[in-house]
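Now for the letters of each chain:
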Amino acid sequence: MTDGRNGGAGPAPDVVVVGAAARDISPDDPRGWRLGGGVSYSALTTARLGLRTGAIVGVDAEASEAHELDLLRDAGVDVRLVRLERGPVFVNIERPEGRLQLCRERSDPVPVTAAPPNWRQARGWILAPVAAETPDDWASVPRDDAIVAVGWQGLLRELEPGQAVRHVAPGPTPILRRADLVGLSRDDVDRDIPLIDLYRALRPGALLAITQGDRGGLVGDGIEGEALHLRHYPAVPSHAIVDPTGAGDVFLAALAAARIEPRLVGGRIGQGFDLLLAAAAASLVLEGPGLLGVPSRDAVRRRMAEAAIRIAAE
């Protein structure tokens, strides 16, 4: 099952985003849920930042009719829907000590056959699972010189309907070894695991971005001797937090967008402007409900300028 402007024909997108759309239980929505998931947030982010975006979106029957998919289409995303018998359904409970996530339904895998042949020539990929629905075969789909970003936390969830989501121990996988950029929340792994051990699951030279909410985050880009080379990036404050969902996905997508298209930050990757772009985008998504919070490129630029003034003053 596909849709989109051309069903996969025509030129390859700049970036292809892959994953299953999650249905997040929400009593405020007449349906009792709203659409989310890394693929939805990531594709909308890269499209609004100006990248030609293709999205391979796994959906169950209800998600396939979600009006939120029109947000992606209206932003220019070429959407390819892949019908799944089971799609991920979550209950998210925000607590002072961190989010508690309950599983209502697990997800079937999104098959690599869903990728149109010409999309395999895309210069950027974001593998954005929420329920380990991207099989290892996806590691061999991007072309050799493509930039590949992976949302690691979506590969570290053990789902049992009716139970709290459990985290599995991180370790190397073909997808991780293919990744150039890996995003992970520190809350999604045991804090007793040293960061250097997390990095060892990646290929040498890959970038590991570890988000830490309003404390900013850490970026590891290599091991020197027996130490992980780390640098800290500051958070960009939100003006008002409406919904914390999707911040990590938007951060990773914006960071990947800057790496795929460095002109977004004037080529100033070495000066950390890719991280500033990502942090600014993540701060903005918190200010709106669900996918409605994903910001425009102009809004991100304004927030970056505001943050740069604040950082300079400090």
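None of these values were measured; they are calculated from a predicted model.

Caption draft 1: Expanded view of the environment of Val 285. Within the secondary structure, Val 285 is located in helix 6 (residues 273-285). Leave out the neighbours within four places in its chain, and Val 285 touches Tyr 41, Asp 243, Gly 246, Ala 247, Val 250, Gly 290, Gly 293, Val 294 and Pro 295.

Caption draft 2: Focus on the packing of helix 6 against helix 7 (residues 297-313). Contact geometry of helix 6 with helix 7 gives a least axis separation of 9 Å together with a crossing angle of 110°. Classified by the interaxial angle, the pair formed by helix 6 and helix 7 is roughly perpendicular. Taken as a pair, helix 6 and helix 7 cross one another with a handedness that is right-handed. The segment helix 6 lies against helix 7, with Phe 273, Leu 276, Leu 277, Ala 280, Ala 281, Ser 283 and Leu 284 engaging Ala 299, Val 300, Arg 303, Met 304 and Ala 307. Across the contact of helix 6 with helix 7, the residue classes break down as 10 nonpolar, one polar and one charged.

Caption draft 3: Seen up close, unusual backbone geometry. Positive phi outside glycine occurs at Ala 132, with the angle close to 55°. Residue position: Ala 132 is located in the loop between strand 8 (124-127) and strand 9 (147-151).

Caption draft 4: Quick peek at helix 7. Between its terminal C-alpha atoms helix 7 stretches 25 Å, which fits the 24 Å expected from 17 residues at 1.5 Å a residue. Those residues of helix 7 that fall on the buried side of the exposure criterion are Ala 299, Val 300, Arg 303, Met 304 and Ala 307. Buried residues of helix 7, seen end-on, are gathered within an arc of 135° and therefore sit on one face of the element. The outward face of helix 7, more than 90 degrees from its buried face, is lined by the exposed residues Arg 302, Ile 309, Ala 312 and Ala 313. Residues of helix 7 that are buried make contact with helix 6.

Caption draft 5: A look at the sheet that holds strand 6 (residues 89-93). Spatially, 3-2-6-7 is the arrangement adopted by the four strands of the open sheet, whose pairing is mixed. Pairing within the sheet leaves two strands with one partner each, and these edge strands are strand 3 (33-36) and strand 7 (100-105). Along the sheet, successive strands turn relative to each other by an average axial angle of 35°, direction set aside. Across four bridges, strand 2 (residues 22-25) lies against strand 3 in antiparallel orientation. Across the sheet, residue Ala 22 finds its bridge partner in strand 3, namely Gly 36.

Caption draft 6: Region of interest: the packing of aromatic side chains. All told, the structure shown has two aromatic pairs when counted by the stated rule. Ring centres of Trp 125 and Trp 138 lie 6.4 Å apart, and the angle between their planes is 50°; on these two criteria the pair is classed as tilted. Here Trp 125 is found in strand 8, whereas its partner Trp 138 is found in the loop between strand 8 and strand 9, with 13 residues between them in sequence. For the pair Trp 125 and Trp 138, a shared accessibility class is recorded, and that class is buried. The lysine or arginine in question, Arg 31, covers the ring of Trp 33, its NZ or CZ lying 4.2 Å from the ring centre. Looking at Arg 268, its charged tip hangs above the ring of Phe 273, at a distance of 3.8 Å from the centre.

Caption draft 7: The packing of helix 5 (residues 247-260) against helix 6, seen in detail. One can describe the packing of helix 5 onto helix 6 by two numbers: an axis separation of 8 Å at closest approach and a directional angle of 150°. In terms of orientation, helix 5 and helix 6 fall into the roughly antiparallel class. Note on packing geometry: the crossing formed by helix 5 with helix 6 is right-handed. Contact residues: Ala 247, Val 250, Phe 251, Ala 254, Leu 255, Ala 258 and Arg 259 in helix 5; Asp 274, Leu 275, Leu 277, Ala 278, Ala 279, Ala 281, Ala 282 and Val 285 in helix 6. The residue makeup of the contact of helix 5 with helix 6, split by class, is 13 nonpolar, no polar and two charged.

Caption draft 8: How the structure looks around the nonpolar core. Val 57, Ile 126, Phe 251, Leu 255, Leu 277 and Val 300 are the most contacted members of the largest nonpolar core, which has 62 residues in total. Of the residues forming this core, the biggest block, 11 residues, is contributed by helix 5. Ignoring anything within four residues of it in the chain, the contact list for Val 300 reads Leu 49, Leu 277, Ala 280, Ala 281, Leu 284 and Pro 295. Counting 40 residues, the second-largest nonpolar core is a separate cluster that includes Val 16, Ala 122, Trp 125 and Ala 201.

Caption draft 9: Quick look at the pattern of salt bridges. For the coordinates displayed, the defined rule picks out 23 salt bridges. Of the charged contacts, one joins Asp 14 and Arg 123 as a salt bridge, the two residues approaching to 3.4 Å between their closest N and O atoms. Taken as a pair, Asp 14 in the segment before strand 1 (15-20) and Arg 123 in the loop between strand 7 and strand 8 lie far apart in primary sequence, 109 residues in all. Taking the relative accessible area as the measure of exposure, Asp 14 reaches 12% and is therefore buried.

Conventions adopted
Residues numbered from 1 in each chain as written. Predicted model: local features only at pLDDT ≥ 70, side-chain atom pairs only at ≥ 80, totals over all residues. Heavy atoms only, no water. Helix = DSSP H or I, 4+ residues; strand = E, 2+ residues; numbered from the N terminus. Contact = heavy atoms within 4.5 Å. Axes fitted to C-alpha atoms, helices over the stretch in contact; angles between N-to-C directions. Parallel < 35°, antiparallel > 145°, perpendicular 65-115°, else oblique. Left-handed = near helix turned anticlockwise from the far one by under 90°. Nonpolar A, V, L, I, M, F, W, Y, C, P; charged D, E, K, R; others polar. Expected span 1.5 Å × (residues − 1). Buried < 20%, exposed > 50% of the residue type's maximum accessible area, 1.4 Å probe, protein only. Arc of directions from axis to C-beta. Pairing = 2+ DSSP bridges. Phe/Tyr/Trp six-rings, centres within 6.5 Å; stacked < 30°, edge-to-face > 60°. Lys NZ or Arg CZ within 6 Å of the ring centre and 35° of its normal. Core = buried A, V, L, I, M, F, W, Y, C linked by side-chain atoms within 4.5 Å. Salt bridge = Lys/Arg side-chain N within 4 Å of Asp/Glu carboxyl O.

Limitation: the analysis is restricted to geometry and does not speak to function.
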